[in-house]
Amino acid sequence: MILKHSHDTSVEMLMDVYRELSDKMTKHRVVSFLKYLRNNDLNLNQYSILSYIDQQGPCLPLQFAEHLELKAATITYLVDSLEQRGLVRRTPNPRDGRSHYVHYTDAGRELVQGARSEGDESIMESFKQLDQDEADMLYIMLNLLRRKLFT
């Protein structure tokens, strides 16, 4: 089936469909992410610490406090809870013996990476419902949209 461009299709109609699809996909990803956190007994602040380590490497607790805009005592509590679960470990700061760096463990890294892929997996399930012709058509249309919008 080949779609012809209809002169009746307005930019506003395209924007309406785009907004609806974008909103639904975003909501789906957020719901999947929150479910993943809940299933892994993580709160958003704990996940944010793990994610920050994933992006920045080992960090001092002060860096978490600044990034998350939380008090030092709250950061200590969060890091303690992650350490008790084996998701992070502390190592002494070689330049200042009074402080320590927080690293994530393999288990902590796996949780961060799992959270990032969780939303993708749920969207992939939606794509699997398409037959081959529908998948081919969607692929062509998405590539066309990408080229027109971002080149």
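Above: the structure in question.
Every chain is numbered independently, its residues counted from 1 as its sequence is written. Side-chain atom pairs in this predicted model are given and counted only at pLDDT of 80 or more, local residue features only at pLDDT of at least 70, and totals for whole chains, interfaces and linings cover all residues. Only hydrogens and water are set aside; all other atoms, that is, all heavy atoms of the structure, feed into the side-chain values.

It is not clear to me how the nonpolar core should be interpreted in this structure. Could you clarify?
What tends to happen in soluble globular proteins is that the nonpolar side chains get buried as a cluster. Residues Ile49, Leu50, Phe64, Ile75 and Val88 are the most contacted members of the largest nonpolar core, which totals 24 residues. Each helix is a run of DSSP H or I of at least 4 residues and each strand a run of E of at least 2, with the numbering of both proceeding from the N terminus. At the level of secondary structure, the elements contributing two or more residues to this core comprise helix H1 (11-39), helix H2 (44-56), helix H3 (61-68), helix H4 (72-84), strand E2 (96-104) and helix H5 (106-127). Among the elements that line this core, the one with the most residues is H2, at five residues. For phenylalanine 64, the contacting residues outside a window of four places in its chain are Ile49, Tyr52, Ile53, Cys59, Glu69, Ile75, Val79 and Val102. Within this scheme, the nonpolar core is defined by two criteria: the residues are buried Ala, Val, Leu, Ile, Met, Phe, Trp, Tyr or Cys, and they are joined through side-chain atoms within 4.5 Å. For each residue, the accessible area found with a 1.4 Å probe, counting protein chains only, is set against the maximum for its type, and the residue is called buried under 20%, exposed over 50%, and partly exposed in between. Contacts were defined at the residue level, with two residues in contact if any of their heavy atoms lie within 4.5 Å.

What exactly am I supposed to notice about the pairing of E2 here?
Two faces belong to every sheet, and in a regular strand the side chains alternate between them. In the sheet, strand E1 (residues 88-93) pairs with E2 via six bridges, with the strands oriented antiparallel. Bridging from a neighbouring strand, threonine 91 pairs with tyrosine 101 of E2. Paired strands, in this sense, are two strands between which DSSP finds at least two bridges. What sits between E1 and E2 in their antiparallel hairpin is a turn of two residues.

Help me understand the environment of valine 31 in this model?
Along the polypeptide, valine 31 turns up in helix H1. What makes valine 31 partly exposed here is its relative accessible area of 47%. Note: C-alpha distance between valine 31 and alanine 65 (34 residues apart in sequence) is 26 Å.

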